[in-house]
Amino acid sequence: MNSLIKGANGLVGDAPPPVLAAVSGAVGLLLMWRRCQPGLVGLAVMVGFVAAFTPASLAVAMYTIGTAYRKARPLILYTAAACTAVFVSLLTSRPAGNLRESLYTLALVLGMLAVGQTVAFRRDLTLEAQERAQALEREQHLLTERAQVGERARIAREMHDVVAHRITNIVLTANALKVSPAGQSMAEVAQAGDQIRSEGHQALEELRDILGVLTPGRDGLRAPRTPQPDASQLGRLVESAASRGQDVRLKVNGHPEALPDAVQRAIYRIAQECLTNAAKHAPGAVVTLTVECRLDGVHMSIANGPPIQPAAAPPGGGYGLIGLRERMALLGGTLTAGPHDAGFKVEACIPVDT
Ligand SMILES: Nc1ncnc2c1ncn2[C@@H]1O[C@H](COP(=O)(O)OP(=O)(O)OP(=O)(O)O)[C@@H](O)[C@H]1O
Ligand SMILES: [Mg+2]
């Protein structure tokens, strides 16, 4: 068609117009497959160009080649093929080819190839930017998820430490009242009642602190109302265990009160969980709690013998030691726990930067 409009020529330029129109139309139709087979269609259009001088079709085919290939080698090869087609068309045209028209065609074809390349380059850049944004979004999502999982684990640990310890104490104190009601004076019964009330009160206070973190008020996150436990409260922890009838021997070497807050809290929570465990799983057993501040960090050991009395507290969910291990992992420390000399022993080591 192009040849008819332009009155130009080609190998079959002197054929009757219907033949010329059919060849030009066939070359144009080939472009329908240019996206799936850009190279093959390009070569076929070049042949069609030599036959019927179809510069528009050749330009479109070269544009598609420009968008489809990124490497220099195929681009150079197709450019050379297009130049050859234009040159061959100039030599073989009937009637004779026109040099000006051929040069114009060459410029158009190469220009379209360059436009195709630019479009492909911009498309690649956009795609790359989109992929980078998606990867960033995915990474952000993962980080948020990890932070949420970490926070959930932290809250679960705190809940366990507060609830399991306090409720076990309440159950054990109430059980002592039930077991020997006759052997206790009114003063002892009143003291036990007081202990139950105080444990329940503290459990509520500590739970409110945790819930305060979960449900921020109007002024943002609420600060804890109960002081965070630290190493200076170890003595009180042991006294409280002794008041429920537990025989605990505490040995402290060094000054754990001078250690960082997170380390002190870990020391307290380990002691708290292990004393609760001993009261639950080995009632009546003597417990030895040792805290040693060494140059490389704090070493703790909590050991108890076999149970002497029948178990008084219900079995737990098995989260205590897991929570302690997680706490240790966050501080870069280690915790081992297991049967020892017919009893049980927990050893923890928390590194401290000096
Ligand atoms: N002092 C101990 N004496 C004997 N067995 C113990 C002692 N401490 C822990 N264990 C054993 O190790 C298990 C795991 O302890 P862990 O503290 O993780 O769970 P738990 O005390 O049973 O439940 P939770 O702490 O969730 O209330 C216990 O179920 C118990 O069998
Ligand atoms: Mg426990």
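Note that the structure is predicted; figures quoted are calculated from it, not measured. (Residues numbered from 1 in each chain as written. Chains lettered and ligands numbered in written order. Predicted model: local features only at pLDDT ≥ 70, side-chain atom pairs only at ≥ 80, totals over all residues.)

**Structural notes on unusual backbone geometry**
Phi at Phe53 is positive, roughly 50°, even though this residue is not glycine. Residue Asp341 is not a glycine yet carries a positive backbone phi of 50°. Within the element layout of this structure, Asp341 appears in the loop between strand 4 (334–340) and strand 5 (343–351). (Helix = DSSP H or I, 4+ residues; strand = E, 2+ residues; numbered from the N terminus.)

**Considering the environment of Ala44**
Considering the arrangement of structural elements, one finds Ala44 in helix 3 (residues 38–52). Spatially, the C-alpha atom of Ala44 lies 7.8 Å from that of Val27, the residues being 17 residues apart in sequence.

**A short note on the pairing of strand 5**
Only one face of strand 5 is buried: it carries Phe344, Val346, Ala348 and Ile350, and the other face, with Gly343, Lys345, Glu347, Cys349 and Pro351, is open. Here strand 3 (residues 297–304) pairs with strand 5 via eight bridges, running antiparallel. The residue of strand 5 that forms the bridge with Val298 is Ile350. Examined bridge by bridge, strand 4 and strand 5 share seven bridges and lie antiparallel to one another. Within strand 5, the residue paired with Leu335 across the bridge is Ala348. (Buried ≥ 20, exposed ≤ 12 C-beta atoms within 10 Å, placed from the backbone. Pairing = 2+ DSSP bridges.)

**Points about the packing of helix 3 against helix 4 (residues 55–68)**
The interhelical angle for the contact between helix 3 and helix 4, taken along N-to-C directions, is 160°, at an axis separation of 9 Å. For the element pair helix 3 / helix 4, the angle class is roughly antiparallel. For helix 3 against helix 4, the interelement crossing comes out left-handed. Two secondary-structure elements touch here, helix 3 through Pro38, Gly39, Val41, Gly42, Val45, Met46, Gly48 and Phe49 and helix 4 through Ser57, Leu58, Ala61, Met62, Thr64, Ile65 and Ala68. (Axes fitted to C-alpha atoms, helices over the stretch in contact; angles between N-to-C directions. Parallel < 35°, antiparallel > 145°, perpendicular 65-115°, else oblique. Left-handed = near helix turned anticlockwise from the far one by under 90°. Contact = placed C-beta atoms within 7 Å.)

**With respect to the domain arrangement of the chain**
Here the domain parsing of the chain yields domain 1 (2–126) and domain 2 (230–354). Taking only C-alpha atoms, the centre of domain 1 and the centre of domain 2 are 84 Å apart. (Domains from an automatic or database assignment.)

**Focus on the site of ligand 1**
Close contacts around ligand 1 come from 17 residues, with Asn277, Gly316, Gly320, Leu321 and Phe344 the closest. In terms of residue count, the dominant contributor to the shell around ligand 1 is helix 9 (residues 261–281) (four residues). When its residues are assigned to classes, the shell around ligand 1 shows eight nonpolar, eight polar and one charged. (Near = placed C-beta within 6 Å. Nonpolar A, V, L, I, M, F, W, Y, C, P; charged D, E, K, R; others polar.)

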